[in-house]
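Here's the letter readout for the chains.
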Amino acid sequence: MSPTPITQASIVEPISSDMEAVNHLIRQQLNSDVPLVSQISEYIISAGGKRIRPMLVLLAANAHAYQGTAHHTLAGLIEFIHTATLLHDDVVDESSMRRGRQTANALFGNAASVLVGDFIYTRAFQMIVSVGDMRIMQILADATNVIAEGEVLQLLNMHDPDVSEERYLQVIRSKTAKLFEAACQIGALIAGASDTDVEKAAEYGRSLGTAFQLIDDVLDYSGNAEEIGKNVGDDLREGKPTLPLIYLLQNGTPDQRELVRTCIEQGDESRFSTILDAITTSGALDYTKRAAEQAAREAADAIKGWNDSQAKESLLNLCAFAVGRNH
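Computed from a predicted model, the values in this text were never measured in an experiment.

Enquirer: Honestly, the overall build of the chain in this entry has me stumped. Any pointers?
Expert: For the chain, the helix and strand inventory stands at 17 helices and two strands. In terms of C-alpha radius of gyration, the chain reaches 20 Å, essentially the compact-globule figure of 20 Å for 327 residues. Projecting the C-alpha coordinates of the chain onto the three principal axes gives extents of approximately 60 × 50 × 40 Å. Counting across all 327 residues of the chain, residues that qualify as buried make up 54%. Sequence-distant contacts in the chain: of pairs separated by 6 or more residues, those separated by 24 or more amount to 76%. Accessible area of the chain: about 14300 Å², with a carbon and sulfur share of 49%. Averaging the coordinates of the 27 positive side-chain charges in the chain and doing the same for the 44 negative ones gives two points 2 Å apart.

Set out below in structure tokens:
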């Protein structure tokens, strides 16, 4: 008998009441006297998503036997920071679909999306102040600054076929993994974990975030739009040199390399099926998945010394979920 696959539902189950509290707090905090702010905020939040980042706050806190409710506020504000980056990302990338629905910018326009993104960012910082912990403020201030740098770095990489693997991984660490890292750190911190365990939480989050993004890169070429909730091939259309393309540029045939170079430079998705065939036959997707699996192993190794608990088990299961998912 094959083992039962790890699902997000099984990971969330031990913290289901905490997640309900966080979802309630999110809706409460999105209330605004300006109707359009509430409308767009509700639209993007109600689209759901995996809520991985708030889960990480809760699990890291619970893994250190936290007693209290401040982790709900921290989980909510982490989701707000993430949501604000999505609103801004979709405008920059000119995306039209996310989580299986029209993006906010496609529905409400770019200006409204950017400004409501600003509202959600600043509401997150109001919530940070309410927690009143200077170390947590420092971690989140640094994280949001690094994320912004990562966004700019990704912009510089767009349509550049000469981006190296290391330069691309730097974008992942800044743009995606940094918020995973911060979520785990603040969850451990609020629970009074030792400095060593807070650093282990950071290592776990950094590696897990890297694994998640690398699998997203794989799914952009091998997923299906309904399952992944966005248009397959968006990365190519946007001229993003992600790891599968970088691998193909380094290991493909001369014709394949020339084709990829042209498509990245021009953001040309019309040759998507040819590129997909080259990526698949060259082993680029397998290479990227192996890199994700290595990052997931590093995440699991980081917390193996923590005391056994349901929360720790969920964190370890998240590592397997990160690389085994199809959405």
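Enquirer: What should I look at first to understand helix α7 (residues 110–131) in this one?
Expert: Side chains three or four residues apart in an α-helix point the same way, a direct result of the helix having 3.6 residues per turn. The end-to-end C-alpha separation of α7 is 32 Å, in line with the 32 Å expected for 22 residues at 1.5 Å each. Residues Ala-112, Ser-113, Val-116, Gly-117, Phe-119, Ile-120, Tyr-121, Arg-123, Ala-124, Met-127 and Ile-128 constitute the buried set of α7. Its buried side turned inward, α7 meets α2 (16–29), α3 (35–46), α5 (70–93), α6 (104–108) and α8 (134–157). Of the residues one or two after α7, Gly-132 is the one with positive phi, at around 70°.

Enquirer: Whenever I open this one, unusual backbone geometry confuses me. Can you help?
Expert: Keep in mind that most residues, glycine aside, have a negative phi and that most peptide bonds are trans. A positive phi angle, near 55°, is found at Arg-51, a position not held by glycine. Looking at the secondary structure, you find Arg-51 in the loop between α3 and α4 (52–62). Notably, His-159 is not glycine yet its phi reads approximately 65°, a positive angle. One can find His-159 in the loop between α8 and α9 (165–190). Here His-159 falls in the partly exposed class, since its relative accessible area comes to 35%.

Enquirer: What should I look at first to understand the packing of aromatic side chains in this one?
Expert: The geometry of an aromatic ring pair comes down to the distance between the two centres and the angle between the two planes. Counting across every chain of the model gives five aromatic pairs. Within the aromatic cluster, the residues linked to one another by ring pairs are Phe-180, Phe-212 and Phe-321.

Enquirer: How should I be thinking about the nonpolar core in this particular structure?
Expert: Most often, soluble globular proteins have nonpolar side chains that are buried together. Residues Leu-56, Leu-77, Leu-140, Tyr-204, Leu-208 and Leu-318 are the most contacted members of the largest nonpolar core, which totals 85 residues. In terms of residue count, the dominant contributor to this core is α9 (12 residues). Counting 17 residues, the second largest nonpolar core, distinct from the first, contains Cys-263, Ile-275, Ile-279 and Ala-284.

Enquirer: Just checking my understanding: could you explain the pattern of salt bridges for this structure?
Expert: Side-chain pairing between opposite charges can occur once the charged atoms of the two side chains come close. Enumeration according to the criterion identifies 15 salt bridges in this entry. Among the salt bridges present, the one from Asp-89 reaches Lys-175, with a minimum N-O distance of 3.3 Å. Residue Asp-89 is found in helix α5, and its partner Lys-175 is found in helix α9; the two are separated by 86 residues along the sequence. For the residue pair Asp-89 and Lys-175, the accessibility class agrees, reading buried in each case.

Conventions adopted
- Residues numbered from 1 in each chain as written.
- Predicted model: local features only at pLDDT ≥ 70, side-chain atom pairs only at ≥ 80, totals over all residues.
- Heavy atoms only, no water.
- Helix = DSSP H or I, 4+ residues; strand = E, 2+ residues; numbered from the N terminus.
- Rg over C-alpha atoms; globule rule 2.2 N^0.38 Å.
- Buried < 20%, exposed > 50% of the residue type's maximum accessible area, 1.4 Å probe, protein only.
- Contact = heavy atoms within 4.5 Å.
- Areas by Shrake-Rupley, 256 points an atom, 1.4 Å probe, with all protein chains shown as cover.
- Lys, Arg positive; Asp, Glu negative; His and termini not counted.
- Charge placed at Lys NZ, Arg CZ, Asp CG, Glu CD.
- Expected span 1.5 Å × (residues − 1).
- Phe/Tyr/Trp six-rings, centres within 6.5 Å; stacked < 30°, edge-to-face > 60°.
- Core = buried A, V, L, I, M, F, W, Y, C linked by side-chain atoms within 4.5 Å.
- Salt bridge = Lys/Arg side-chain N within 4 Å of Asp/Glu carboxyl O.

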